[in-house]
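Overview (structure and organization)
Take a look at the letters that make up each chain.
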Amino acid sequence: QIPKDPAQRQLRELAALSQQLQQVHPNVLAKILKQGTVYQNEEIVVINKPYGLPVHGGPGIKNCIVDVLPILAKMLENMKAEPLHLCHRLDKETTGVMVLARSKEAAEKIRLLFKTRQVEKIYWAIVLGDPDPVEGIVEIPIVEKEVQSHQSHYKMTLAPNYRLCPEDGKVVKIRKNRKAESAVTRYRWLASASACSLLELQPITGVKHQIRVHLAYGLGCPILGDHKYSHWSKLAPQKLPELTLRRLKLEQSKARHVPLHLHAHRLCLPLGQPLDLVCKPPLFFQKTLRKLELDIPED
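Quick caveat: nothing in here was measured; it's all calculated off a predicted structure.

Thoughts on the overall build of the protein
- What the protein contains, in helices and strands, is seven helices and 14 strands.
- Structurally, the protein occupies a C-alpha span of about 70 × 50 × 40 Å along its principal axes.
- Considering the protein as a whole, with its 299 residues, one finds that 46% of them fall into the buried category.
- Sequence separation of 24 or more characterises 64% of the internal contacts of the protein that already satisfy a separation of 6 or more.

With respect to helix α7 (residues 283–291)
- Buried within α7 we find Phe-284, Phe-285, Gln-286, Thr-288 and Leu-289.
- Those residues of α7 that are buried are in contact with α1 (6–20), β4 (95–101), β5 (120–128), β12 (196–203), α6 (242–248) and β13 (262–271).
- Remark: Glu-293 follows α7 within two positions and exhibits a positive phi of approximately 60°.

Observations regarding the domain arrangement of the protein
- Taken domain by domain, the protein comprises domain 1 (1–116) and domain 2 (120–292).
- For domain 1 versus domain 2, the distance between C-alpha centres works out to 23 Å.
- Contacts between the two partners involve 29 residues from domain 1, matched on the other side by 30 residues from domain 2.
- Together, Leu-11, Thr-95 and Val-97 form the three largest contributors to the area buried by domain 1 at its contact with domain 2, with a combined 22%.

Some remarks on the environment of Ala-16
- Note on placement: Ala-16 falls in helix α1.
- Take Ala-16: its relative accessible area is 24%, and that puts it in the partly exposed class.
- Separated by 163 residues in the primary sequence, Ala-16 and Lys-179 place their C-alpha atoms 37 Å from one another.

Some details on the environment of Ala-30
- Relative to the helices and strands, Ala-30 is located in helix α2 (residues 26–35).
- On the basis of relative accessibility, which here comes to 0%, the residue Ala-30 falls in the buried class.
- If we skip the residues at most four places from it in the chain, Ala-30 touches Val-68, Ile-71, Leu-72 and Met-75.

Remarks on empty space enclosed by the protein
- One pass over the full model with this rule turns up one cavity of 30 Å³ or more.
- One number sums up the size of the largest cavity: a volume of about 40 Å³.
- Taken together, His-88, Leu-90, Val-97, Phe-114, Lys-121, Ile-122, Tyr-123, Ala-264, His-265, Arg-266 and Leu-267 form the lining of the largest cavity.
- Where the lining of the largest cavity is concerned, the elements lending two or more residues are β5 and β13.
- Its residues assigned to classes, the lining of the largest cavity comprises seven nonpolar, two polar and two charged.
- Mapped onto the domain boundaries, the lining of the largest cavity takes at least three residues apiece from domain 1 (1–116) and domain 2 (120–292).

A look at the nonpolar core
- Counting residues in hydrophobic clusters, the biggest one holds 57 residues, and the most contacted among them are Ile-126, Leu-201, Leu-215 and Leu-294.
- Two domains share this core, each providing at least three of its residues, namely domain 1 (1–116) and domain 2 (120–292).
- Discounting residues that sit within four places of it in the chain, Leu-201 has contacts with Lys-121, Ile-122, Tyr-123, Ala-125, Thr-185, Arg-186, Tyr-187, Ile-211, Leu-215 and Leu-262.
- Of all hydrophobic cores here, the second largest spans 18 residues; its members include Val-97, Leu-113, Leu-275 and Leu-277.

Overview of the pattern of salt bridges
- Counted by the stated rule, this structure contains eight salt bridges.
- Between Arg-102 and Glu-77 there is a salt bridge, and its shortest N-O distance comes to 2.9 Å. With Arg-102 in the loop between β4 and α4 (104–115) and Glu-77 in the loop between α3 (65–76) and β3 (85–86), the pair connects residues that are 25 residues apart, well separated along the chain.
- On the basis of relative accessible area, Arg-102 is assigned to the buried category, the value being 14%.
- Between Glu-200 and Arg-188 there is a salt bridge whose closest N-O contact spans 3.2 Å. On the criterion of sequence distance, the pair formed by Glu-200 in strand β12 and Arg-188 in strand β11 (residues 184–193) is long-range, its members being 12 residues apart.

Examining the UniProt feature "domain: Pseudouridine synthase RsuA/RluA-like" (unreviewed entry) in the protein
- In this numbering, the UniProt entry assigns the feature "domain: Pseudouridine synthase RsuA/RluA-like" (unreviewed entry) to residues 44–216.
- Span residues 44–216 is 18% helix and 38% strand, its end C-alpha atoms 34 Å apart.

A closer look at the packing of aromatic side chains
- Scanning all chains against the criterion turns up three aromatic pairs.
- For the ring pair Tyr-217 and Tyr-229, a centre distance of 6.0 Å and an interplane angle of 75° mean the geometry is edge-to-face. Highlighted residues: Tyr-217 in helix α5 (residues 210–218) and Tyr-229 in the loop between α5 and α6, separated in sequence by 12 residues.
- Centre to centre, the rings of Tyr-217 and Trp-232 are 6.0 Å apart; their planes meet at 85°, and the pair counts as edge-to-face. Of this pair, Tyr-217 sits in helix α5 while Trp-232 sits in the loop between α5 and α6, placing them 15 residues apart in sequence.
- Here a set of aromatic residues connected by ring pairs shows up, and it is made of Tyr-217, Tyr-229 and Trp-232.

Cut-offs applied
- Residues numbered from 1 in each chain as written.
- Predicted model: local features only at pLDDT ≥ 70, side-chain atom pairs only at ≥ 80, totals over all residues.
- Heavy atoms only, no water.
- Helix = DSSP H or I, 4+ residues; strand = E, 2+ residues; numbered from the N terminus.
- Buried < 20%, exposed > 50% of the residue type's maximum accessible area, 1.4 Å probe, protein only.
- Contact = heavy atoms within 4.5 Å.
- Domains from an automatic or database assignment.
- Buried area = accessible area lost by both parts, 1.4 Å probe.
- 1 Å grid on protein atoms, 1.4 Å probe; cavity = no way out; pocket = protein on both sides within 12 Å on 5 of 7 lines; lining within 4 Å.
- Points joined across faces, edges and corners; volume = space filled by probe spheres on them.
- Nonpolar A, V, L, I, M, F, W, Y, C, P; charged D, E, K, R; others polar.
- Core = buried A, V, L, I, M, F, W, Y, C linked by side-chain atoms within 4.5 Å.
- Salt bridge = Lys/Arg side-chain N within 4 Å of Asp/Glu carboxyl O.
- UniProt positions renumbered as here; feature names shortened; annotations may be inferred.
- Phe/Tyr/Trp six-rings, centres within 6.5 Å; stacked < 30°, edge-to-face > 60°.

Next comes the structure, spelled out in structure tokens:
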């Protein structure tokens, strides 16, 4: 039963985004991934990863990418095909370019390229507010910490090397947190409208949730739909500006259904000749851009 009210219909669509792929048969999921194939050669297969699909399994997860790699390989080649291999990861909510290898050797070669930072990664994100300055580099180490609140939980957070001394305003070096990982993200503003911005991001390092943490806590511009990193001390849906809610035709009480708007847009892979791999943002991302009147840059 489809609701007549467009706002209700949109809400139903948003709420279903994460569930949809968990309810299909693994063969159907492999078929969806096959249709989302962007590029393939004798070494690699590149897919456009859908929203809400985890790379690895876990409690409560019926479908994940790793489980359907053998089926996908057979669909792409033939019944005797070797299973495909994972080369890198994307968060469950992140969409976009994902590289799979046809052999163990190719996978190891590509993993090494990622590890030694020879792969150029470009993401798009819709964020709340405008970054100041409009382009730059966030270079703040990141560490995982337990947040003490009525519901204790773990989050990645910033572990800066310096702080301002409250007494005299001088810059003081902080003792380094041994568990903190160095994290570097380049960002560039592309467009602004409806109290939101579209940013282009280039993570130089690959720390867990790096882009989300750097944007939310480093720049004060959390990603639209990032309910985990929009507050520090509580687990609660993101608070959206009035104008954004109006344009999205949503009420604040329904903001929890807004999905994370982070998309792996482009990947440059130096395999022999450099491969430039590009994925269009998913439909919900494109719809949000239109509703917020954010201009999509022409590639």
